[in-house]
Amino acid sequence: MLLNGTALLAGIGDQKKVTTQLRHEFSSFGDINSDVLQRNIAKLDAASTNFWQHGSCFPRYLRAVKSFEYKPKQVKIEAISDSYAIIHLPGIGNVKMHNSRDLKLVKEVRNCTVKAF
């Protein structure tokens, strides 16, 4: 496959470079957080490596992403209530979430995985 006359290679570094080019060319890619895109590329690379080098099952391609991760210190807690909290996700905005833990003691969010139900 070609992008602007250059061949797309299968290495993870090359895929990240192409992702950067796509973010500049298409506004829809620019709206997605770059860390989320890079993490999904790393997951795909790990699945392909496991298949080709370790003989595990063929990588399954899902129609939709069921979860994605934010790197540390990107997610901010905006408001806390007894039963829910409002957090700010970069690129998405404020999201209301169920409190499964006491978030009043949390000073900063280190890791955040967003899952679809």
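Cut-off values and rules
- Residues numbered from 1 in each chain as written.
- Predicted model: local features only at pLDDT ≥ 70, side-chain atom pairs only at ≥ 80, totals over all residues.
- Heavy atoms only, no water.
- Buried < 20%, exposed > 50% of the residue type's maximum accessible area, 1.4 Å probe, protein only.
- Helix = DSSP H or I, 4+ residues; strand = E, 2+ residues; numbered from the N terminus.
- Pairing = 2+ DSSP bridges.
- Axes fitted to C-alpha atoms, helices over the stretch in contact; angles between N-to-C directions.
- Contact = heavy atoms within 4.5 Å.
- Polar contact = N/O pair within 3.5 Å; in protein donor to acceptor, adjacent residues only side chain to side chain.
- Expected span 1.5 Å × (residues − 1).
- Arc of directions from axis to C-beta.
- Left-handed = near helix turned anticlockwise from the far one by under 90°.
- Nonpolar A, V, L, I, M, F, W, Y, C, P; charged D, E, K, R; others polar.

(A) Fine view of the pairing of strand β5 (residues 84-89). The alternating pattern of β5 places Ala-85, Ile-87 and Leu-89 on a buried face, while none of Tyr-84, Ile-86 and His-88, on the opposite face, is buried. Inspection of the sheet shows strand β4 (residues 76-80) paired to β5 by four bridges, in the antiparallel sense. Opposite Ile-80, over in β5, you have Ala-85 as the bridge partner. Where β4 folds back onto β5 in an antiparallel hairpin, the turn is made up of three residues. For β5 and strand β6 (residues 93-98), the ladder comprises six bridges, and the chain directions are antiparallel.

(B) Just the sheet that holds β5, in detail. Strand order across the open sheet formed by three strands is β4-β5-β6, with antiparallel pairing between neighbours. Edge positions in the sheet fall to β4 and β6, since each has one partner strand and no second. For this sheet, the mean angle separating the axes of adjacent strands, direction not counted, is 30°.

(C) Examining the environment of Asp-35 more closely. Take Asp-35: it is sitting in helix α3 (residues 34-54). Under the relative-accessibility criterion, Asp-35 is labelled buried at 14%. In the structure, Asp-35 is positioned 36 residues away from Lys-71 in sequence and 6.9 Å away in space, judged by C-alpha atoms. Not counting residues within four places of it along the chain, the set of residues in contact with Asp-35 comprises Lys-71 and Gln-74.

(D) Spatial organisation of unusual backbone geometry. Even without being glycine, Lys-73 reaches a positive phi, approximately 65°. Position of Lys-73 among the secondary structure elements: in the loop between β3 (67-70) and β4. Owing to a relative accessible area of 55%, Lys-73 belongs among the exposed residues under this scheme.

(E) Spotlight on the side chain of Asn-99. The residue Asn-99 is located in the loop between β6 and β7 (112-115) in this model. Looking at Asn-99, its side chain comes within polar contact range of the main-chain oxygen of Ser-81, at 2.8 Å. In contact with Asn-99, not counting residues within four places along its chain, are Ile-80, Ser-81, Asp-82, Ser-83, Tyr-84 and Ala-85.

(F) Fine view of helix α1 (residues 12-25). The end-to-end C-alpha distance of α1, which contains 14 residues, comes to 20 Å, matching closely the 20 Å that a straight helix rising 1.5 Å per residue would cover. Of the positions making up α1, those classed as buried are Val-18, Thr-19 and Leu-22. Along the long axis of α1, the arc covered by the buried residues comes to 105°, so they all point the same way. Turned more than 90 degrees from where α1 packs its buried face, Lys-17 and His-24 sit exposed.

(G) Molecular detail of the packing of α1 against α3. At a minimum axis separation of 10 Å, α1 and α3 run at an interaxial angle of 145°. Seen along the crossing, α1 lies across α3 with a hand that is right-handed. Side by side, α1 and α3 meet where Ile-12, Gln-15, Lys-16, Thr-19 and Arg-23 of the first sit next to Ser-34, Leu-37, Gln-38, Ile-41, Ala-42 and Asp-45 of the second. For the contact of α1 with α3, a count of residues per class yields four nonpolar, four polar and three charged.

On their own, these measurements won't tell you what the molecule is for.
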